[in-house]
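Spelled out from the first residue to the last, the chains are:
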Amino acid sequence: MQLEIRGTHVDVTVSGETGRGVLLLHGWMCSAQLMSSVQSALEGHMRVAAIDFPGHGKGGKSAPPPEPWGVPDYMEMTAEVIRRLNLAPCDVVAHSFGARVAILLAATYPEMIGRMVLTGAAGIKKPQSSSAGMRQRLYKGLRGVVNLADKTHLFGDLPEKGREALVQRFGSADYKVLDPQMRKTFVKVISQDLTEYLPRIKAPTLLYWGAQDTETPLWMAEVMKEKIPDAGLVVEQGAGHFAYLEHSATFLRILDSFLLEGRA
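Source: prediction; values computed, not measured.

About the cut-offs
Residues numbered from 1 in each chain as written. Predicted model: local features only at pLDDT ≥ 70, side-chain atom pairs only at ≥ 80, totals over all residues. Heavy atoms only, no water. Helix = DSSP H or I, 4+ residues; strand = E, 2+ residues; numbered from the N terminus. Phe/Tyr/Trp six-rings, centres within 6.5 Å; stacked < 30°, edge-to-face > 60°. Buried < 20%, exposed > 50% of the residue type's maximum accessible area, 1.4 Å probe, protein only. Lys NZ or Arg CZ within 6 Å of the ring centre and 35° of its normal. Pairing = 2+ DSSP bridges. Core = buried A, V, L, I, M, F, W, Y, C linked by side-chain atoms within 4.5 Å. Contact = heavy atoms within 4.5 Å. pLDDT = per-residue confidence, 0-100.

**So, unusual backbone geometry**
At the junction of Ala88 and Pro89, the peptide bond is cis and its omega measures out at -10° in the coordinates. Turning to its location among the elements, Pro89 is positioned in the loop between α3 (71-85) and β5 (90-95). With a phi close to 55°, Ser96 is a non-glycine residue in the positive phi region. Tracing the chain through its elements places Ser96 in the loop between β5 and α4 (97-108).

What follows is the structure in structure tokens.
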């Protein structure tokens, strides 16, 4: 189904007719399709809703938000999906960027959330190395020169080409592939550190992590385990950022135990 929320179209895949509600939230520039194995495993016991985030789902072809969004905007959109579908209190299974949304949602609207499973969860800023700091300062200096050239109106489209060349030279892999609108959203999203929200989470939370995750290193999971009041951590050896797909059978057994066993 497609919902009109906050000025944009939100695609939601809904399945299962009985049981508790559960919301599936995918990672950055991924889609609900990557959560399909989770949806299939749970839909016989729960009412499952998998969101395609605006600007991300459908292989990145989903329409972007009407303006650059940060995590709070995606969170409020997600809260409205829960209200529209009458899912609360629902459980949440979230990966990477989806976990950013889930963390803020659980801290802001605790009454909406039952239990949470976060895998490869983003939301904690990495300390900036000295080399990264120098690289950032160089980029900002060169961008300033290009912007100044643009203001003179003497160089045609060269400044615009120069800005894109700087992006390709200095930007992250995630940033380079985005269109201009989603680049602004990306900057807003990664600029927010959610560490302060972790102690506000009341939902029992299971953290499932790949020991070799380089996108969201294991130390981030350990910080989340320490700061979320009711949290446990399962570490999957030999797995990376997509541990829930790399070890799908194990992950689904854990979901079954955590979300279904011993609950009415």
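**Side note on the packing of aromatic side chains**
Here the structure, examined in full by the defined rule, presents eight aromatic pairs. A centroid spacing of 5.0 Å and a plane angle of 80° characterise the contact between Trp69 and Tyr74, whose relative ring orientation is edge-to-face. Neither residue differs from the other here; Trp69 and Tyr74 are each classed as buried. Centre to centre, the rings of Tyr244 and Phe251 are 5.8 Å apart; their planes meet at 65°, and the pair counts as edge-to-face. Each member of the pair Tyr244 and Phe251 is classed as buried. What links up through ring pairs into an aromatic cluster is the set Trp28, Phe53, Trp69, Tyr74, Phe97 and Phe186. Here the guanidinium or amino end of Arg6 rests over the ring plane of Trp69, the centre of that ring lying 5.8 Å away. One residue, Arg115, lies across the ring of Phe258, its end atom 5.6 Å from the ring centre.

**Considerations on the pairing of strand β7 (residues 205-210)**
Judged by how many residues are buried, β7 sits mostly within the fold: six of six residues are covered. The alternating pattern of β7 places Thr205, Leu207 and Trp209 on one face and Leu206, Tyr208 and Gly210 on the opposite face, and all of these are buried. Direction of pairing for strand β6 (residues 113-119) relative to β7: parallel, over a ladder of four bridges. Counterpart to Val117 in the pairing with β7 is Leu206. Both β7 and strand β8 (residues 231-236) contribute to a ladder of six bridges, which runs parallel.

**Concerning the nonpolar core**
Across soluble globular proteins, nonpolar side chains show a tendency to be buried alongside one another. Within the largest apolar cluster, 53 residues are counted, with the highest numbers of intra-cluster contacts made by Leu23, Leu25, Ile51, Met116, Leu118, Ile201 and Met224. Here this core takes nine residues from α4, the largest share from any one element. Once you skip the residues sitting within four places of it in the chain, Leu118 turns out to touch Ala94, Ala99, Ala102, Ile103, Thr205, Leu206, Leu207, Tyr208 and Trp209. Counting 22 residues, the second largest nonpolar core, distinct from the first, contains Val22, Val48, Val117 and Tyr208.

**Brief notes about the confidence of the model for the protein**
Per-residue pLDDT for the protein averages 83, and the proportion of residues at 70 or more is 77%. Scored below 50 in pLDDT, residues 131-159 makes 20 contacts in the model with residues more than four places away or belonging to other chains. Of the regions scoring below 50 in pLDDT, residues 161-167 engages in 14 contacts with residues more than four places distant in sequence or in other chains.

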